[in-house]
Amino acid sequence: MKAGPRFLFFAGKGGVGKTTCAAAAAVALAERGARVLVVSTDPAHSLGDALGAKLGAAPRRLTVRRGALYAAELAADPALRRWLRARRPAFRAVAERGTYLDDEDIDRLLDLSLPGVDELVGLVELRRLAEGGTYDEVVVDTAPTGHTLRLLRMPEVLRRLAGVLDDMHAKHRYLFESLGRGYRPDFADEAIAAVDEEGRGLHELLRDPGRCAFRWVLLPEPLSVAETADGVGALAEMGAAVEELVVNRVTLPPDGSCVPCAARVRAERAALADLRGALPGRPVRLLPEAEAPVGVVGLRALGRRLLGRLSAAPAARVPASAGRAVHGGSAAPAARAPASAGRAVRVRRNAQPRAARARRAEAAPLASQLASRGLRLLVFGGKGGVGKTTCAVAAALALADMRPRRRVLLLSADPAHSLGDALDMAVGDQVVRVTDGSSRLWARELDADRAFRVRRDHYRTAVDDLFGSLLRGARVDAVYDRAVLHDLIDLAPPGLDELFALLTLGEALFAGAGRAPFDLVVLDTAPTGHTLRLLELPATALEWVHALLAILLKYREAVALGDLAADLLQTARGLKRLQALLRDPGGARFVVVTRAATLPRRETERLLVALGRLRMAVPAVVVDALTAGTCRRCRRAAAAEARELAALRGLRSRKRARWAMLLAPASFPPPRGVDALRRWSRTWEGASA
Amino acid sequence: MLLVDRLLYGGLKWVLEQVVAAVDAELDDEQAVKEELLALQMRAELGQVVEEERAALEAALVARLREVRARRAARAGGGPADGANGADGHPEGPAGGAVGAGAGWRVAGVEVTADAGAAATADAGAAADLPEARGRPRPRRTRAARRAGRAAR
């Protein structure tokens, strides 16, 4: 028997085919004779879709020719409850001994649900599942990049948590000894040591190439390549090894002449050249474009391809035709002139400059589909990689063009940002103006870590005072208190990205007393699972704020309320207004972006159900990247897409839903920059219906 | 003589210290009232007080805050009256300025004005208890402050 199973992580941007690859690799590994567990850690699970089986939190055995295959979809909330339940008495004891908090306070805090729960318990639960059976291999289908990186940082968070608890307890130990009684470690010390050990074990596991390997999946597209370079770099910084890059859906050259196919092949070659330039020397495996296989039988061939030997020179693996001469990085100009781009614009007698007036008229059909009276927040969401960002930027431009007086903020809350790439300009955590004078659009890519640090530093004294007064016996030995304090303040909460996205939204939409900085926020979100977490977050965050307010009130004899209390109060009010806005069908709307393929369509169905439960209004579903070519392959692809579109329409009539279906054509290379995005959004079909 | 000097000096010092202490106490008073206001708003947020109770308590606290500030304004205006040559009853004069400095009713980061405005939409009756906090950014000059202004003229 080996020391433990080997972990194989499939990571990458959303929608690149991680799940299909992970499922296929698991099938192939099992059929080589191994006992394999495949687990999804993305809160928007689609592993069951890929394997063609209904999965739950407990591993389910699937039928394979040889070996054994088990599959599970991780459930974070129950996992956290389970983890906490086992440690609760110890945490309670430590908090009770080390702080002013009484049982009531401690219970209240321990019972709160946590933002970022998926990342917090993901690895812990993964290991629990892995140890629950005698597996040789554990294949992990991860959440999209940004959240996977957070997941992988959790061992450090666990160790820091252990550090805080230990510092709290150190004072208890010190007091005990100073009273002349020898201190004997008890269950609380054991629990602290266990948490630290758990963090250390996971930390080592992730960095041991013998026990843990990463494969980065991507598409031959500029956005995907840019994110891969960042993501692989971040993993390398953490000491985790990416054993190979898997480029999925590589287009083979068309049989005859097909303008879109030829443009696509050229664009992909340029992207692959960029990839090799950015990550030289990494093994690259290319998988040709194919409809995503479903079920164990369908996945078999792909699995063998994924596990097959790579020759030493990565370039040799490029399909003969796709990879031959790679032209320079400059992409070919957009090959197809959209049919409606040249449409005559009705001229109105108006004082506006002609260009702005034309833009306004052209933006109107799309913008009026999405807008409503009193619209303040338009959320773009969907499965990863379906083109959320590009669609969100195009829509934000249309909305800003339609009503030039409207101040629009395009905000990205996906920790793996790509607004700047789509706009082809530098976008960062500072708000930057995107358009010229005639329409008013700004953009910002939220940096949650920075936002957290700014807030923490701003309230450092207040937080110091607060925690100082919560910690018992400050006069006994200030050293212990200070250590606990600083650990606590530095312990960034999980779910940071969602939390600060929410606070930033509140600040952008509701100013304290005067006029709000923006009339409308177009929000580009992280893929489905985390977007739903974001929409559910106001309630969770409000519970936390209320718990802290209650504690502050309770101990106001010991500590002045001050700025922190005032800020928490303001935050509570902002959260309530945001909650009210999210429930207002005219004020906040959700545009679902998807692709005409089976897995995205199934996820879209689930997303629409979840949005219905959250009472979010959905004005439109954008189906992105529709094939428009003329060759045999394009026609076949278009036929498959037509079936998926019919399924979506069927869903709409079954549910008696009213959303408009907007059809966005594929564009190779993808539109980048304000002008290209404007042109592209005018080619969407269904906007005028 | 030395003894008398010392006594005189000591006495003067004592008096000045008393003045400083009184001013400090009033500033502390103001801080305390602000804290009370903040605590009240926190309790309202947590649903620990009903709306009418909150409005009544808030009105009382705002009145107290006004009183504290008026006392301080009177002292600021009535003290070095000879030196205050520009104090002609204009609100921006030293006496008015002392009140005006805190005139936004800023309570440690929370605008009572903003709160009263929000309350006005929810409950116009409750907010009516705070005419100044809502409508007028600068509180009316108190009788003491007016007296101080006249003294300066």
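Quick notes on the rules
- Residues numbered from 1 in each chain as written.
- Chains lettered and ligands numbered in written order.
- Predicted model: local features only at pLDDT ≥ 70, side-chain atom pairs only at ≥ 80, totals over all residues.
- Helix = DSSP H or I, 4+ residues; strand = E, 2+ residues; numbered from the N terminus.
- Buried ≥ 20, exposed ≤ 12 C-beta atoms within 10 Å, placed from the backbone.
- Contact = placed C-beta atoms within 7 Å.
- Expected span 1.5 Å × (residues − 1).
- Bend = angle between axes of the 7 residues up to and from the residue.
- pLDDT = per-residue confidence, 0-100.
- Core = buried A, V, L, I, M, F, W, Y, C linked by C-beta atoms within 7 Å.
- Axes fitted to C-alpha atoms, helices over the stretch in contact; angles between N-to-C directions.
- Parallel < 35°, antiparallel > 145°, perpendicular 65-115°, else oblique.
- Nonpolar A, V, L, I, M, F, W, Y, C, P; charged D, E, K, R; others polar.
- Pairing = 2+ DSSP bridges.
- Right-handed = clockwise from strand over helix to strand, strands pointing away.

Engineer: Just to check I follow, could you spell out the overall build of chain A for this structure?
Structural biologist: Counting its secondary structure elements, chain A contains 23 helices and 16 strands. Expressed as a percentage of its 689 residues, the buried residues of chain A come to 49%. The long-range fraction of contacts in chain A, counting pairs at least 24 apart against all pairs at least 6 apart in sequence, stands at 81%.

Engineer: Explanation requested: the overall build of chain B in the structure shown.
Structural biologist: In terms of helices and strands, chain B carries 7 helices and 2 strands. Counting across all 153 residues of chain B, residues that qualify as buried make up 29%. Taking the intrachain contacts of chain B between residues at least 6 apart in sequence as the baseline, contacts between residues at least 24 apart amount to 66%.

Engineer: Please explain helix H19 (residues 528-554) of chain A as it appears in this structure.
Structural biologist: It helps to recall that an α-helix has 3.6 residues per turn; residues three or four apart then point in one direction. When the terminal C-alpha atoms of H19(A) are compared, their 39 Å separation across 27 residues agrees well with the 39 Å that a helix rising 1.5 Å per residue should span. Its axis deflected by about 50 degrees at A:Leu537, H19(A) carries its strongest bend there, up to four residues before the proline A:Pro538.

Engineer: Help me understand the confidence of the model for chain A in this model?
Structural biologist: Do not read the predicted coordinates in detail wherever pLDDT is low. Chain-level statistics for chain A give a pLDDT mean of 84 and a share of 89% at 70 or above. Residue range residues 312-351 of chain A is modelled with pLDDT below 50. Its contacts to residues more than four positions away, or to other chains, number 58 contacts.

Engineer: Hey, could you run me through the environment of A:Ala396 in this one?
Structural biologist: Residues and elements named next belong to chain A. Here Ala396 is to be found in helix H13 (residues 388-402). Ala396 gets classed as buried once you count the C-beta atoms within 10 Å, which come to 33. Distance from Ala396 to Arg65, taken between C-alpha atoms, is 51 Å for residues 331 residues apart in sequence. Non-local contacts of Ala396, meaning those with residues more than four positions away in its chain, are made with Val408, Leu410, Leu441 and Val522.

Engineer: Looking at this structure, how should I read the nonpolar core?
Structural biologist: Residues and elements named next belong to chain A. In terms of nonpolar packing, the biggest core is built from 200 residues, with Ala395, Leu399, Leu410 and Val522 touching the most fellow members. No other element matches H13, which puts 11 residues into this core. Beyond its immediate sequence surroundings of up to four residues, Val522 is in contact with Leu378, Phe380, Ala392, Ala395, Ala396, Leu399, Val408 and Leu410.

Engineer: Mind showing me how you'd approach the packing of H13(A) against helix H23 (residues 674-681) of chain A here?
Structural biologist: All names here are of chain A. As a packed pair, H13 and H23 sit with axes 9 Å apart at the nearest point and diverge in direction by 85 degrees. The pairing of H13 with H23 is recorded here as roughly perpendicular in orientation. Counting all contacts with H13, which are made through Val393, Ala394, Leu397 and Ala398, the residues of H23 involved are Val674, Leu677, Arg678, Trp680 and Ser681. A class-by-class count of the residues in the contact of H13 with H23 yields 7 nonpolar, 1 polar and 1 charged.

Engineer: How should I be thinking about the sheet that holds strand S2 (residues 35-40) of chain A in this particular structure?
Structural biologist: Residue and element names in this part refer to chain A. Pairing in this open sheet of 8 strands is mixed, and the strands run S3-S4-S2-S5-S1-S6-S7-S8 from one edge to the other. Two strands bound the open sheet, and with one partner strand each, they are strand S3 (60-62) and strand S8 (284-288). If you compare each strand with its neighbour and ignore which way they point, the axes differ by 25 degrees on average. Bridging between strand S1 (residues 6-11) and strand S6 (residues 212-218) involves 5 bridges; their strand directions are parallel. Its bridge partner being in S6, Phe7 is matched across the sheet by Cys212. Set on the sheet, helix H8 (residues 222-238) makes contact with S1, S6 and strand S7 (242-250); between it and S6 the angle comes to about 165 degrees.

Engineer: Got a minute to help me understand unusual backbone geometry in this structure?
Structural biologist: Across the chain, the bulk of peptide bonds are trans and the bulk of non-glycine residues have phi less than zero. Residues and elements named next belong to chain A. A cis amide bond, omega -5 degrees, links Phe668 with the succeeding residue Pro669. Within the fold, Pro669 resides in the loop between strand S16 (660-665) and H23. Although it is not a glycine, Arg615 sits at a positive phi angle of roughly 60 degrees. Positioned with a positive phi, Ala625 is a non-glycine residue whose angle comes to about 60 degrees. Position of Ala625 among the secondary structure elements: in strand S15 (residues 620-626).

Engineer: Got a minute to help me understand the sheet that holds strand S13 (residues 520-524) of chain A in this structure?
Structural biologist: Within a beta sheet, neighbouring strands are joined by backbone hydrogen bonds and run either parallel or antiparallel to one another. All names here are of chain A. If you trace the 8 strands from one edge of the open sheet to the other, you get S11-S12-S10-S13-S9-S14-S15-S16, paired in mixed fashion. In this open sheet, the two edge strands, each paired with only one partner strand, are strand S11 (432-433) and S16. Two strands pair when backbone bridges link them, and S11 and strand S12 (residues 440-445) are joined in this way by 2 bridges, in the antiparallel orientation. Paired with Arg433 across the strands is Trp442, a residue of S12. Contacting strand S9 (377-381), strand S10 (407-412), S12, S13, strand S14 (588-595), S15 and S16, H13 runs over the sheet at an angle of about 165 degrees to S13.

Engineer: Help me out: how do you make sense of the confidence of the model for chain B in this one?
Structural biologist: Residues and elements named next belong to chain B. When pLDDT is averaged along chain B, the result is 61, and 43% of the positions lie at 70 or above. Across chain B, the secondary-structure element scoring lowest on mean pLDDT is helix H3 (residues 94-100), at 33, and the one scoring highest is helix H2 (residues 51-78), at 87. Low confidence marks residues 79-141, where pLDDT is under 50. Its contacts with residues over four positions away, or in another chain, come to 105 contacts. Both scores are available for the predicted complex, with the pTM at 0.76 and the ipTM at 0.71.

Engineer: Where do I start with helix H12 (residues 354-370) of chain A in this structure?
Structural biologist: Residue and element names in this part refer to chain A. For H12, which comprises 17 residues, the first-to-last C-alpha distance of 24 Å matches the rise-based estimate of 24 Å (1.5 Å per residue) to within 8%. Bending of H12 peaks at approximately 50 degrees at the position of Ala364, with proline Pro365 no more than four residues after it. At its buried positions, H12 is contacted by S9, H13, S14, S15, S16 and H23.

Engineer: What should I look at first to understand the pairing of strand S5 (residues 137-141) of chain A in this one?
Structural biologist: All names here are of chain A. Summarising burial for S5: 5 of the 5 residues are buried, a large majority. Of the two faces of S5, the one holding Glu137, Val139 and Asp141 and the one holding Val138 and Val140 are both buried throughout. Judged from the 5 bridges that link them, S2 and S5 form a sheet pairing that is parallel. Its bridge partner lying in S5, Val38 is registered against Val139.

Engineer: What is the right way to read the packing of H8(A) against helix H9 (residues 259-278) of chain A from this model?
Structural biologist: All names here are of chain A. Remark: H8 packs on H9, axes separated minimally by 9 Å, with the N-to-C direction vectors making an angle of 10 degrees. Viewed along their axes, H8 and H9 adopt a mutual orientation that is roughly parallel. Across the interface between the two elements, Pro222, Val225, Thr228 and Ala229 of H8 pack against Ala271, Asp274, Leu275 and Ala278 of H9. Residues belonging to the contact of H8 with H9 are distributed by class as follows: 6 nonpolar, 1 polar and 1 charged.

Engineer: Sorry, what's going on with the environment of B:Leu46 here?
Structural biologist: Along the chain, the position of B:Leu46 falls in the loop between helix H1 (2-45) and H2. What B:Leu46 contacts, discounting residues up to four positions off in sequence, is A:His546, A:Leu549 and A:Ala550.

Engineer: What am I meant to see in the environment of A:Arg373 here?
Structural biologist: Residues and elements named next belong to chain A. Mapped onto the elements of the fold, Arg373 is located in the loop between H12 and S9. Classification of Arg373 as exposed rests on a count of 6 C-beta atoms within 10 Å. As a C-alpha pair, Arg373 and Asp584 span 211 residues in sequence and 11 Å in three-dimensional space.

Engineer: Can you help me understand the pairing of S15(A) in this one?
Structural biologist: Regular strands have side chains that alternate between both faces of the sheet. All names here are of chain A. Among the 7 residues of S15, 6 are classified as buried, and the element is accordingly described as predominantly covered. Of the crossover connections in this fold, the one passing from S14 over helix H21 (residues 598-613) to the parallel S15 is right-handed. Relative to S16, S15 is paired through 5 bridges, and the arrangement is parallel. Residue pairing across strands places Ala620 opposite Ala660, the latter belonging to S16. With respect to chirality, the unit in which S15 leads through helix H22 (residues 632-654) into the neighbouring parallel S16 is right-handed.

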